[in-house]
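Understanding the architecture of this molecule
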Amino acid sequence: MEFQAMPRYQMRRNAVSKLLKDDMRRRKGRGGVNPNCILEIGYGAGDIFSLYQKLGLRAEGFDSSETAYQYAIGHSQAYGALLHRRMPKPEKRFDYVAACEVLEHIKDDVSALRQWKAYLKDSGKMIVSVPAHQSRWGENDIYSGHYRRYERRELIQKFAEAGMRVEKIYTYDFPACLLLDVMRDKSRKKKLSGQRKSREEYTKNSGVERDFHPLVLAMSHPALWLPACKLGELFYRTDFGSAYILLASQRRIIGKA
């Protein structure tokens, strides 16, 4: 099935683009070496590789779902990305590691952050997005195989425990989330009726499911959601949305003289 970006993915992609462009511009302004490579953990349908290609980043990716691998292989070839069936050897060779809507699927999330950090160069940065606010827990979280949603302070603390410092953190889906959350939970409630799957089964399908109602597909055209993406930027620094995205760097431990 041909890929069509859903509204929340479009807003998340817009936020990823802004974080990367700002960071790359800042590094260039400081006279540093231009970042040129990124590792995407949990690439889902693989469309995100098209953004990395536009930004001039060489991309590699890993997803634990074989379904995701088979779905994304065409996208990865089109956008010059290298996909791995297993996590590659943790060498410090990437300027960026990105993991969008992945951390909430992992029971020991701090250990996962430490593992991902092992792929970063000393000057490397991490981009992570997660669902926000446990009070917003709903049918979609169950259907997607989530362990949790996150609060801002909790998220910053977990990165600190993993040896990372959060430089920027945004909520990227307000005010659209006020409508999208209701619609999505209502749809997921119907799909959960009579289903009995494990969290792992829900997780493996969550990034590649394309079984959307024709009306939803029609309403998701990028031309309709571009204004919503730009409007959402006005609320990036608030805590109103239902999803966080952040940029984190490695904490430097300075020894005593």
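Quantities reported herein were computed from a predicted structural model and do not represent experimental measurements. (Residues numbered from 1 in each chain as written. Predicted model: local features only at pLDDT ≥ 70, side-chain atom pairs only at ≥ 80, totals over all residues. Heavy atoms only, no water.)

**Observations regarding the sheet that holds strand E7 (residues 243-250)**
The mixed open sheet is built from 7 strands, whose spatial order is E3-E2-E1-E4-E5-E7-E6. A single partner strand is all that each edge strand has here, and the edge strands are strand E3 (82-84) and strand E6 (164-171). When strand polarity is set aside, the average angle formed by the axes of neighbouring strands in this sheet is 20°. By the bridge criterion, 7 bridges tie E6 to E7 in an arrangement that is antiparallel. Counterpart to threonine 171 in the pairing with E7 is tyrosine 244. Contacts from helix H4 (residues 109-117) reach strand E1 (37-41), strand E4 (94-100), strand E5 (120-131), E6 and E7 within the one sheet, and its direction differs from that of E5 by about 145°. (Pairing = 2+ DSSP bridges. Helix = DSSP H or I, 4+ residues; strand = E, 2+ residues; numbered from the N terminus. Axes fitted to C-alpha atoms, helices over the stretch in contact; angles between N-to-C directions. Contact = heavy atoms within 4.5 Å.)

**Description of the confidence of the model for the protein chain**
Low pLDDT marks stretches whose predicted atomic positions should not be read closely. Per-residue pLDDT for the protein chain has a mean of 89; in total, 91% of the residues score no lower than 70. Residue range residues 253-257 is modelled with pLDDT below 50. Its contacts to residues more than four positions away, or to other chains, number 0 contacts. (pLDDT = per-residue confidence, 0-100.)

**Remarks on helix H6 (residues 152-161)**
Listing the buried residues of H6 in full gives Leu155, Lys158 and Phe159. Seen end-on, H6 carries its buried residues on one side only, within an arc spanning 100°. Of the residues one or two after H6, glycine 163 is the one with positive phi, at around 85°. (Buried < 20%, exposed > 50% of the residue type's maximum accessible area, 1.4 Å probe, protein only. Arc of directions from axis to C-beta.)

**Here's the deal with the nonpolar core**
Of all hydrophobic cores here, the largest spans 39 residues; its most connected members are Val16, Leu20, Phe49, Tyr52, Leu57, Ile127 and Ile245. For this core, the secondary structure elements donating two or more residues are helix H1 (7-29), helix H2 (48-54), helix H3 (66-78), E4, helix H10 (222-233) and E7. Counting residues per element, this core draws most heavily on H1, which supplies 7 residues. If we skip the residues at most four places from it in the chain, isoleucine 245 touches Arg12, Ala15, Val16, Leu19, Ile127, Val128, Ser129, Lys168, Ile169, Tyr170 and Tyr172. Within the second largest apolar cluster, 28 residues are counted, among which are Leu39, Trp116, Phe159 and Ala162. (Core = buried A, V, L, I, M, F, W, Y, C linked by side-chain atoms within 4.5 Å.)

**Re the environment of histidine 133**
As for its position among the elements, histidine 133 is in the loop between E5 and helix H5 (139-144). Between the C-alpha atom of histidine 133 and that of serine 242, which follows or precedes it by 109 residues, the distance is 6.6 Å. What histidine 133 contacts, discounting residues up to four positions off in sequence, is Arg149, Tyr150, Glu151, Asp239, Gly241 and Tyr244.

**What to know about the environment of serine 249**
Here serine 249 is to be found in strand E7. C-alpha of serine 249 to C-alpha of glycine 124: the two residues are 125 residues apart in sequence and 6.5 Å apart in space. Residues in contact with serine 249, not counting those within four places in the same chain, are Gly124, Lys125, Gly163, Met164, Arg165 and Glu167. One polar contact links serine 249 to glutamate 167, side chain to side chain, over a distance of 2.9 Å. (Polar contact = N/O pair within 3.5 Å; in protein donor to acceptor, adjacent residues only side chain to side chain.)

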